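Observations on the model geometry
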Amino acid sequence: MKKGQMKTVLLIVGIFLFSTIKADEGEQLFKKTCTACHTIGKGRLVGPDLLNINEKQSQDWLIAFIQSSTQLIESGDKDAQAIYEEYNRILMPDNPYTDAQVIAILNYIRQQSKAAAGGEQSAPVEDILSGTTSENINTGMNLFTGKQKFKNGGSTCISCHNVQDERIFSSGTLALDLSQSYANMGSAGVSAIIANPPFPVMNMAFKNHPLTSEEVVNLTAYLKSVSDKRVHQASADFSLYFVLAGLFVFISMMLIILVLYFDRKRLAVNHEIFKRQTKVVN
Ligand code: HEC
Ligand code: HEC
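Our subject in this report is the structure included herewith. (Residues numbered from 1 in each chain as written. Chains lettered and ligands numbered in written order. Predicted model: local features only at pLDDT ≥ 70, side-chain atom pairs only at ≥ 80, totals over all residues. Heavy atoms only, no water.)

1. With respect to the overall build of the protein chain
Note the following rule: Here a strand is any run of E in DSSP of at least two residues, a helix any run of H or I of at least four, and the numbering for each starts at the N terminus. Three labels apply to residues, based on accessible area from a 1.4 Å probe with only protein chains included: buried if under 20% of the type maximum, exposed if over 50%, partly exposed otherwise in between. Working rule for contacts: check all heavy atoms of both residues, and any pair within 4.5 Å makes them a contact. Exposure was quantified through the Shrake-Rupley algorithm and a 1.4 Å probe, taking into account, for residues, occlusion by the shown protein chains and nothing else.
A tally of regular secondary structure across the protein chain gives eleven helices and zero strands. Sorting the 282 residues of the protein chain into buried and exposed places 31% on the buried side. By sequence separation, contacts in the protein chain at least 24 residues apart represent 62% of the contacts at least 6 residues apart. Total accessible area on the protein chain is roughly 18700 Å²; 61% of this is exposed by carbon and sulfur atoms.

2. What to know about the site of ligand 1
Here is the rule we go by: We call a residue near a given molecule or strand whenever any one of its heavy atoms falls within 4 Å of it. Counted as a polar contact is a pair of N or O atoms within 3.5 Å, where, for protein atoms, one must be capable of donating a hydrogen and the other of accepting one, and residues adjacent in sequence contribute only when both atoms are in side chains. Gly falls in the polar group here, along with every residue not listed as nonpolar (Ala, Val, Leu, Ile, Met, Phe, Trp, Tyr, Cys, Pro) or charged (Asp, Glu, Lys, Arg).
In the vicinity of ligand 1 lie 24 residues, with Cys 34, Cys 37, His 38, Lys 56 and Met 92 positioned nearest. His 38 is positioned such that a nitrogen or oxygen atom in its side chain is 2.8 Å from a nitrogen atom of ligand 1. Residue Lys 56 places a side-chain N or O atom 2.5 Å away from an oxygen atom belonging to ligand 1. Counting only elements with at least two residues in the shell around ligand 1, the list comes to helix H1 (3–34), helix H2 (53–56), helix H3 (59–67) and helix H5 (78–86). Sort the elements by how many residues they give to the shell around ligand 1 and H3 lands first, with four residues. Within the shell around ligand 1, the residues separate by chemical class into 19 nonpolar, four polar and one charged.

3. Digging into the coordination of the iron atom of ligand 1
What counts, and what does not: Counted as donors are N, O and S atoms no farther than 2.8 Å from the metal, or 3.2 Å for Na, K and Ca; water is not among the atoms, and sites may therefore look incomplete. Every angle between 85 and 135 degrees makes a four-donor site tetrahedral, while opposite donors more than 155 degrees apart, with all other angles between 65 and 115, make a four-donor site square planar and a six-donor site octahedral; other sites are irregular.
Within the protein, the iron atom of ligand 1 binds to His 38 (NE2) and Met 92 (SD); these donor distances fall in the range 1.9 to 2.1 Å. Considering all six donor atoms around the iron atom of ligand 1, the spread of angles at the metal, 88 to 179°, places the coordination shape in the octahedral class. Remark: Met 92 occurs in the loop between H5 and helix H6 (99–117) and His 38 occurs in the loop between H1 and H2; sequence separation between them is 54 residues. Judged by relative accessible area, Met 92 falls into the partly exposed class, the value being 22%.

4. Quick look at the site of ligand 2
Neighbouring residues of ligand 2: 21 residues in total, closest Cys 157, Cys 160, His 161, Ser 181 and Met 202. Between ligand 2 and His 161, the relevant distance is 2.7 Å, taken from a nitrogen atom to a side-chain nitrogen or oxygen of the residue. A distance of 2.6 Å separates an oxygen atom of ligand 2 from a polar atom in the side chain of Ser 181. A per-class count over the shell around ligand 2 returns 16 nonpolar, five polar and no charged.

5. Observations concerning the coordination of the iron atom of ligand 2
Binding of the iron atom of ligand 2 to the protein goes through His 161 (NE2) and Met 202 (SD), at separations of 2.0 to 2.2 Å. Note that the iron atom of ligand 2 binds six donor atoms; their angles at the metal cover 86 to 178°, and the shape is octahedral. Placement of the pair is His 161 in the loop between helix H7 (134–145) and helix H8 (181–195) and Met 202 in helix H9 (residues 200–207), with a sequence separation of 41 residues. This pair shows no difference in class: His 161 is buried, exactly as Met 202 is.

6. A word on a nonpolar patch on the surface
As a reminder, the rule being used: The patches reported here contain residues having more than 30% relative accessible area and no salt bridge. Joining distances are 9 Å for like charges and 5 Å for nonpolar side chains (Val, Leu, Ile, Met, Phe, Trp, Tyr). For salt bridges, the criterion is a side-chain nitrogen of Lys or Arg within 4 Å of an Asp or Glu carboxyl oxygen.
Nonpolar side chains collect at one region of the surface, where Leu 247, Phe 250, Ile 251, Met 254, Leu 255, Ile 257 and Leu 258 lie side by side and expose about 690 Å² of accessible area between them. Counting through the fold element by element, Leu 258 comes out in helix H10 (residues 213–263).

7. Some thoughts on H3
Among the residues making up H3, those that are buried are Trp 61, Leu 62, Ile 63, Phe 65 and Ile 66. Against H2, helix H4 (69–74), H5 and H6 lie the buried residues of H3.

8. Points about the nonpolar core
Put simply, the test is: Think of a nonpolar core as a cluster: buried Ala, Val, Leu, Ile, Met, Phe, Trp, Tyr and Cys residues, connected wherever their side-chain atoms sit within 4.5 Å. Residue ranges assigned to each domain were obtained from an automatic or database domain assignment.
Counting 29 residues, the largest nonpolar core has Phe 144, Val 163, Leu 219, Tyr 222 and Leu 223 as the members making the most contacts within it. Of all elements in the fold, only H7, H8, H9 and H10 reach the threshold of two or more residues within this core. By residue number, the principal contributor to this core is H10, which donates seven residues. Inspection of this core shows a minimum of three residues originating in each of domain 1 (3–117) and domain 2 (134–233). Leave out the neighbours within four places in its chain, and Leu 219 touches Gly 140, Leu 143, Phe 144, Phe 150, Cys 157, Ile 194 and Leu 211. Core analysis: the second largest hydrophobic core is formed by 23 residues, Ile 53, Phe 65, Leu 72 and Val 102 among them.

9. Remarks on the pattern of salt bridges
Applying the stated rule across the entire model yields three salt bridges. Across the pair Lys 31 and Glu 27 runs a salt bridge whose closest N-O atoms are separated by 2.6 Å. Taken together, the residues span about one helical turn, with Lys 31 and Glu 27 both in helix H1 at a distance of four residues. In this structure Lys 31 comes out as partly exposed when scored by relative accessible area, which is 44%. On the accessibility criterion, Glu 27 (26% relative accessible area) is partly exposed. For Arg 167, the salt bridge is made with Asp 165, and the minimal N-O distance between the two is 3.0 Å. Judged by relative accessible area, which is 7%, Asp 165 ranks as buried.

Structure follows, in structure tokens:
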């Protein structure tokens, strides 16, 4: 092999190694930060499926969006605003990554998109709630309220979050009300967020107190029950309950008024006195 050829081969090997390292970094970052909300070719979670996202938007746009979608939305970017509206105005958290790190993530997404097109992608993951029962929901509720402690310690959810559930008296208002979370993002999204919170405040609370996978399943089952209940019965039942209660109070008041009305002296006391006095005079 000539010296020139050797150099070219080394260069190619170098570029190859460099790019795989980059893709590795991208994979790590993606799995650490993005999988809570995105899949590549497995459908929508909290955010959109990122399959072939590199073909849909320019690299500059993607870097800007991933670093701070909030800024891009506020700057008036139409695409960013449209996708924000489409996803129920859930803000994607900012990411403190350099351009190079974001490009590594984008390379990883490109690589995975190709794999998906080639049919190499594994089947969609099974729903983590399959096989769960009301026992999971109850345990989840007790974990949520703090009645049952987390295995590794950690704050109760209710210290920060509220839910609309008549079974429990609430609760924290520091963070979002979670009654709708399941309806918005399904079991995959909710469980991913609980297991690996992409929000700094919540992340801090569990960083040194990781939840067990069983706890994640139970909490997800509980949040699903809250969400289902709200949609299917609670609101309807409550309005009927209030109407009936209102009717009851109204009827009771009418009865009291009627009783008082018939019970009152037929004629005023003054009338009696007047009659006596006029008698005396006559
Ligand atoms: C907490 C959930 C969450 C996390 C974590 C998250 N995203 Fe997002 N992402 C969203 C949501 C929701 C949208 C939809 C746009 C919006 O609501 O602003 C979105 C939109 C996007 C878009 C635009 C997609 C399109 O079709 O235009 C890209 C690209 C993206 N995210 C990449 C990433 C990457 C890369 C990461 C990891 C570094 C990441 N996201 C982490 C929730 C998240
Ligand atoms: C220290 C406060 C804190 C604690 C404790 C906490 N969270 Fe959070 N959580 C947050 C913050 C902050 C957010 C981001 C949304 C917001 O700004 O309210 C969030 C977001 C979420 C979301 C996404 C909501 C949505 O619809 O977008 C879920 C689901 C969630 N938390 C579940 C839980 C569960 C389950 C627990 C208990 C294991 C818990 N959280 C404990 C602060 C907390």
